[in-house]
Amino acid sequence: MANRLILNETSYHGKGAIQHIVHEVKSRSFTKALIVTDKDLVRYQVVAKVTNLLDEAGLPYEIFDEVKANPAVDVIKKGVERFKASGADYMIAIGGGSPIDSAKGIGIIINNPEFGDVLSLEGVAPTHQKCVPIIAVPTTAGTAAEVTINYVITDEEKKRKFVCVDVHDVPAVAVVDPDMMSSMPKGLTAATGMDALTHAIEGYITKAAWELTDALHLKAIEIISRSLRGAVENDPAGREGMALGQYVAGMGFSNVGLGVVHSMAHPLSAYYDTPHGIANAVLLPYVMEFNKEYTGEKYREIARAMGVKGVDEMTQEEYRNAAIQAVRQLSTDVGIPPKLSQIGVKEEDLPALSIDALNDVCTGGNPRDCTAEEILEVYKIAF
């Protein structure tokens, strides 16, 4: 069996990386950009860091800033119409997962118009054409949307989030500049950082994991574990570490999938508009407990990567518990609540949430096969 690895054509990393956007635009002979972002990033002059560069170089663009957290079907449809009307031939997506995911959906539909209803993109959509070229500029360190083949859309009518998996949606260029992330408040930094840790851990233990992605995920766990506390305090080294760590995690999980943490987190965002990173952070240690008997020696390496000492002298039970405790401690240290009841989840919704989680595309990658009843039990323990 052959293992596949899909990444950006080009990526830039480190302080000042956005300076390379103009070169990429010119070298690819792009003529006009549709900048996909949200109103807050425009208001707080984050988008201006990029548009100033375009203005100086005389490169034309229009701004589509109607993206919201957990972007819905109607946002994608509006973006498609705006792209058509703008005369653009590429997009610059500036923001967290929501703007970048929105750009992916827009770009796929522009070049594959038969999926214009948006809903038909759910799962592994049989698109034939690459999406409109995207230069992705993340402003959060967590989703790694700039390097993945996945994007998530909210179906507000049915109160659910659905995952789209498409090899044609990867941004052509990723520009991962920690300076673009420096304005993130503590809470968002913590939530997106724990989202990145969830990506790394789930990608490491998923059924499709293999040696190359294991190496990426373990390195990501190491970088995130040593960087997140500092990033929350806006330490430049912590910011730079998180910018890299979340991208490395994305290189891995995009190619092997995730697991039940994400399956259980997606309905929380659809039902309550819970920030995705917070949902993942609360659920991660409980799902790790649920999965631990199905992970071989991998929790030992997770514990080691997170800085736990003496793992080679521990029993299997001890190092598994040590890995889970290390995750709990990091989550606590960055201010994540430990229970679902503390983030607005309603106990009466748990059975319905369990059905939605079971049907989520991420469930198939979980190392332990599970039923709706077992997912419900995990929800109850986490509640």
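If you're wondering where the values come from, they're calculated on a predicted model, not measured in any experiment.

Enquirer: How should the domain arrangement of the protein chain be read in this particular structure?
Expert: It is common to give the size of an interface as the accessible area that goes away when the parts come together. Segmentation of the protein chain into domains returns domain 1 (10-180) and domain 2 (186-382). Taken over C-alpha atoms, the centre of domain 1 sits 26 Å from the centre of domain 2. Opposite the 24 residues of domain 1 that make contact, domain 2 presents 26 residues. Roughly 2,100 Å² is buried in total at the junction of domain 1 and domain 2, and carbon and sulfur atoms are behind 63% of that figure. Taken as a group, Ala 141, Lys 159 and Lys 161 account for 25% of the area that domain 1 buries against domain 2, more than any other trio of residues on that side. Inspection of the domain 1/domain 2 interface yields 0 salt bridges. Taken together, the links from domain 1 to domain 2 amount to 8 residue pairs in polar contact (both at pLDDT 80 or more).

Enquirer: Honestly, the nonpolar core in this entry has me stumped. Any pointers?
Expert: Buried together is how nonpolar side chains tend to be arranged in soluble globular proteins. Formed by 72 residues in total, the largest nonpolar core has its most connected members in Met 194, Leu 197, Met 264, Leu 283, Ile 302, Leu 340 and Tyr 379. Among the elements that make up this core, the one with the highest residue count is helix H10 (residues 276-291) (9 residues). Each of domain 1 (10-180) and domain 2 (186-382) accounts for three or more of the residues forming this core. Sequence-distant contacts of Tyr 379, defined by excluding residues within four places in its chain, comprise Met 264, Pro 267, Leu 268, Leu 283, Leu 340, Leu 350, Leu 353, Ser 354 and Ala 357. Formed by 30 residues, the second largest nonpolar core is a distinct cluster that contains Leu 34, Phe 83, Ile 109 and Ile 134.

Enquirer: Would you mind going over the pattern of salt bridges with me for this structure?
Expert: For side chains bearing opposite charge, pairing can occur when the charged atoms are close. Applying the stated criterion across every chain yields a total of 26 salt bridges. Where Glu 293 meets Arg 320, a salt bridge forms, and the shortest distance between an N and an O atom there is 3.2 Å. Pair noted here: Glu 293 is in the loop between H10 and helix H11 (298-305) and Arg 320 is in helix H12 (residues 316-333), with a separation of 27 residues, a long-range link. Classification of Arg 320 as buried rests on a relative accessible area of 3%. A salt bridge links Asp 312 to Arg 304; the nearest nitrogen and oxygen atoms lie 2.9 Å apart. On the basis of relative accessibility, which here comes to 35%, the residue Arg 304 falls in the partly exposed class. Within this structure, Glu 297, Arg 300, Glu 301, Arg 304 and Asp 312 form a network of salt bridges that share partners.

About the criteria used
- Every chain begins its residue count from 1, and numbering advances along the sequence as written.
- This being a predicted model, a pLDDT of at least 70 is required before a residue's local features are given, and a value of 80 or more before pairs of side-chain atoms are given or counted; all residues contribute to the totals for chains, interfaces and linings.
- Side-chain measures here rest on the full set of heavy atoms in the structure, leaving out hydrogens and waters.
- Each domain's extent is set by a domain assignment, obtained either automatically or from a database.
- Whether two residues touch is decided by their heavy atoms; if any such pair falls within 4.5 Å, the residues are in contact.
- Buried area: the accessible surface (1.4 Å probe) lost by two parts on joining, summed over both.
- Salt bridge, as used here, is a side-chain nitrogen of Lys or Arg placed within 4 Å of a carboxyl oxygen of Asp or Glu.
- Distance and chemistry together define a polar contact, namely a pair of N or O atoms within 3.5 Å, with one atom able to donate a hydrogen and the other to accept it when in protein, and with adjacent residues in sequence counting only for side-chain atoms on both sides.
- Here, the term nonpolar core denotes a set of buried Ala, Val, Leu, Ile, Met, Phe, Trp, Tyr and Cys residues that are joined through side-chain atoms within 4.5 Å.
- Only protein chains enter the area calculation, which uses a 1.4 Å probe; residues under 20% of their type maximum are buried, those over 50% are exposed, and those in between are partly exposed.
- A helix here means a DSSP run of H or I that spans at least four residues, while a strand means a run of E at least two residues long, and both kinds are numbered starting from the N terminus.

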